[in-house]
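Okay, here's what each chain looks like letter by letter:
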Amino acid sequence: MARFGNETFSGKCADDLPLLDIGHLSDEVFSSYTGPDSGLTFAITNEDNGNSSMSTSEIAGVRNWNNKDQKAYGICISLYEQHPVNGKMSGDPIADAFSICTRKNSCVMLIADGVNWGEKPRLAARCALYGSMNYINKRIFHDGDQPCNTQEVIELLRRSFDEAHRCILAKDGGLTTMCACMVVPVKNSEHFAVCCVNVGDSYAYVISHNQGIREVTVGSHDISSERDIRDAGGALGPVNGRNPELRNLTCSITFANQGDVVFLATDGISDNFDPVVTKVALPRRESDSNFNNLSPTSPTSSPVIRPEMDPRERHIYAMKEMERIIHEYELVTEEPCSAQELCGALVQHVLSLTDSKRKILENPALYVRRKMTLKDKERRDSEIVDKMGKAPGKLDHASVVAYEVGIMKPDEEEMENIPLGTWNGDDTLSLPSSTDTSPSPTSPISPGSKKSRPKKLFARIRSLSVNTANNSSPSHHHHASPGLFPISPKRFSFKRSRSKSESEPGTPISPTNHCHKTVMSPSTVMSPSPMSPPIISPEDFPMPLPAQHPSRRSISYESSV
């Protein structure tokens, strides 16, 4: 049986990459999800003015594009500031978009980042996703023209870029970057091939529990030379007349094991891990002297010494920082990150990182109308620019879509559906009532179960028994509420509250507290009896997601799994 390492291969065409036979691709759809809002379906529903008949017909080869799963998930948010007076978000509408279609033994993932702001970049990103996804699904699963090897998969992805470009031109869209990825099984092997084609600065990554994080699309940008983060490097759409800019279009292949997570991210995610952008380091100068790497935080404080890093060191640091954020989340949950949790951890990190920048621009004093001389305006603007330059992070639209590699199997663990109740003082177990509306951790059709779940279930039952035995006095022999300990996970929800007064008790903390993780206070955790200590499990640590803003319907897309 063939075995592969963590090598990454890249080239300008399919012939530059390894040729390996792949297994037959099942056409059974397990999940399909797109965003933000209607995602890739926007290109069709917008043309038909929201015709309801579109919801019952196939769009890009799939009937339901809101079928989420813990193993196949995506998030798209805005990191820009919100106007404190009128509530409008800068950078609206969000120009990023993602889509993912997961089948029994394969997955197609797409992510696009519209260049600049406005309706045309948003339309370009969604048209690119629709054109590419429709071409791939139609060729493989409708026409029956299945690829037989990895080079044919790469060629299929490359041709889908041509279709994406034609779709943009047909809808009169703007410019967009795009990264397309297919995960397929390697024949006569337990490994999967991760095949990617990308243009621009939207990249693909693989995180392995044994080998850490590596970038698949590393060949599309030179990590040994300085890169201007304002230059995407390439784009689909009418860049030169009706032609795209494909100077950094790159084809890439790597291999993954079952349980690894493949994820695609726009520059709103990846750039916010660069140590220079996060103000952790300075770019290395040609001179070897370090006399200018002191950054005073205030006139009275001591200077902060920051190291200098060359582009290669910055790339390595960014990969390690991503890895650290994910491992910190796993330390809290005591379980490997699912695709959904990985998306939430990365987005929460960049949201917290850029909070100080947003607060500078959301200061209500900046928007008070008063008479100012030209000199006063210049002084105020200079102070704002200086503060923004010292604050870490980069404001942008941020999107990530992830897939947990493996064979999708429904009804993988029926233990997930066993309800967990509470032990009462009379040695009886109270199960949750039938009226309990808490979602189960995994439905029969969802493959997103955790393999360590049964062990934790019995561990919690034993801990409940011990606590009850310690409080076995007659006054403690009362029946606890049957719904105190549902085993369903907390619903993901981001909060972007701007002040402490806006936060309700018990809600997830906002990024203003500069915490990457949320810890529920003991007062909000219920215990089986008044005298027993609160029982906090790793699942009582909710992952905050961005709150909905009053000026628009939604900026976050979360799972109800």
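Look up: the structure comes first, before these words.
One structure accompanies this document, and this report is about it. Not measured: the values here are computed from a predicted model. (Residues numbered from 1 in each chain as written. Predicted model: local features only at pLDDT ≥ 70, side-chain atom pairs only at ≥ 80, totals over all residues. Heavy atoms only, no water.)

**What to know about the sheet that holds strand β19 (residues 397-404)**
The condition is simple: A pair of strands counts as paired when DSSP detects no fewer than two bridges linking them. Only DSSP runs of H or I reaching four residues or more are called helices, and only runs of E reaching two or more are called strands; each is numbered from the N terminus. Each axis is a line fitted through C-alpha atoms, taken for helices only over the stretch in contact, and angles between the N-to-C directions span 0 to 180 degrees. In this analysis, two residues are considered to be in contact whenever any of their non-hydrogen atoms come within 4.5 Å of each other.
The strand order β4-β19-β14-β9-β10 describes an open sheet built from 5 strands, whose pairing is antiparallel. The open sheet has two edge strands, β4 (72-78) and β10 (212-215), and neither has a second partner. Looking at each pair of strands side by side, their axes are set apart by 20 degrees on average, direction ignored. As paired strands, strand β9 (residues 203-208) and β10 are joined by 4 bridges and run antiparallel to one another. Note on β10: the bridge partner recorded for Y205 is E215. Against the sheet, helix α5 (residues 311-333) makes contact with β9, β10 and β14 (261-265), and its axis sits at roughly 135 degrees relative to β10, the strand it touches most.

**Brief notes about the packing of α5 against helix α6 (residues 339-353)**
Stated formally: Crossing handedness is defined as follows: a turn of the near helix away from the far one that is anticlockwise and smaller than a right angle gives a left-handed crossing, while the clockwise case is right-handed. Here the term charged refers only to Asp, Glu, Lys and Arg, the term nonpolar to Ala, Val, Leu, Ile, Met, Phe, Trp, Tyr, Cys and Pro, and the term polar to all other amino acids, Gly among them.
Contact geometry for α5 and α6: axes closest at 10 Å, N-to-C directions at 115 degrees. Between α5 and α6 the crossing geometry is right-handed. Between α5, through E321, R324, I325, I326 and Y329, and α6, the contact on the second element is made entirely by E341, L342, A345, L346 and H349. Across the contact of α5 with α6, the residue classes tally to 6 nonpolar, 1 polar and 3 charged.

**Details of the pattern of salt bridges**
Stated precisely, the cut-off is as follows: Throughout this description, the term salt bridge denotes a Lys or Arg side-chain nitrogen within 4 Å of a carboxyl oxygen of Asp or Glu. Burial here depends on accessible area, computed with a 1.4 Å probe over protein chains only, as a share of the maximum for the residue type. Under 20% is buried, over 50% is exposed, and the range in between is partly exposed.
Under the criterion given, the structure shown has 22 salt bridges. One salt bridge in this structure joins R324 and E328, with 2.6 Å as the shortest N-O distance. In this pair, R324 and E328 both sit in helix α5, 4 residues apart, roughly one turn of the helix. Overall, R324 belongs to the partly exposed group, its relative accessible area being 32%. Residue classification places E328 among the partly exposed positions, given a relative accessible area of 29%. The closest approach of N and O atoms between D355 and R358, which form a salt bridge, is 3.4 Å. Here the residue D355 and the residue R358 both occupy positions in helix α7 (residues 355-361), the gap between them amounting to 3 residues, near one helical turn.

**Things to note about the pairing of β14**
Every other side chain in a regular strand lies on the same face of the sheet, so the side chains alternate between the two faces. Summarising burial for β14: 5 of the 5 residues are buried, a large majority. Going residue by residue along β14, you find V261, F263 and A265 tucked away on one face and V262 and L264 tucked away on the opposite face as well. As defined by bridge partners, β9 adjoins β14 across 5 bridges and the pair is classed as antiparallel. Among the inter-strand pairings, Y205 is bridged to a residue of β14, identified as F263. When β14 meets β19, the two strands line up antiparallel, connected through 5 bridges. Opposite F263, over in β19, you have A402 as the bridge partner.

**Considering the nonpolar core**
Heads up, the condition is: For this analysis, a nonpolar core means a set of buried residues of the types Ala, Val, Leu, Ile, Met, Phe, Trp, Tyr and Cys, connected via side-chain atoms within 4.5 Å.
Counting residues in each nonpolar core, the largest one holds 64 residues, and the members touching the most others are M109, V183, F263 and L342. Here this core takes 8 residues from α6, the largest share from any one element. Sequence-distant contacts of V183, that is, excluding residues within four places in its chain, are made with N105, S106, C107, F192, A193, V194, V262, Y403 and V405. Of all hydrophobic cores here, the second largest spans 51 residues; its members include L25, I140, I168 and V197.

**Looking at the packing of helix α2 (residues 119-142) against helix α3 (residues 150-170)**
Heads up, the rule is: Working definition: roughly parallel below 35 degrees, roughly antiparallel above 145 degrees, roughly perpendicular at 65 to 115 degrees, and oblique for all remaining angles.
Running from N to C, α2 and α3 cross one another at 135 degrees; their axes reach a closest spacing of 7 Å. On the basis of the axis angle, α2 is oblique to α3. Seen from above, α2 lies across α3 with right-handed handedness. Across the interface between the two elements, A124, C127, A128, Y130, G131, S132, Y135, I136, R139 and I140 from α2 touch L156, L157, R159, S160, E163, A164, C167 and I168 from α3. Class assignment for the residues of the contact of α2 with α3 results in 12 nonpolar, 3 polar and 3 charged.

**Notes on the environment of G131**
Inspection of the secondary structure assignment puts G131 in helix α2. On the basis of relative accessible area, G131 is assigned to the buried category, the value being 4%. For the pair G131 and A60, spaced 71 residues apart in the sequence, the C-alpha separation amounts to 7.8 Å.

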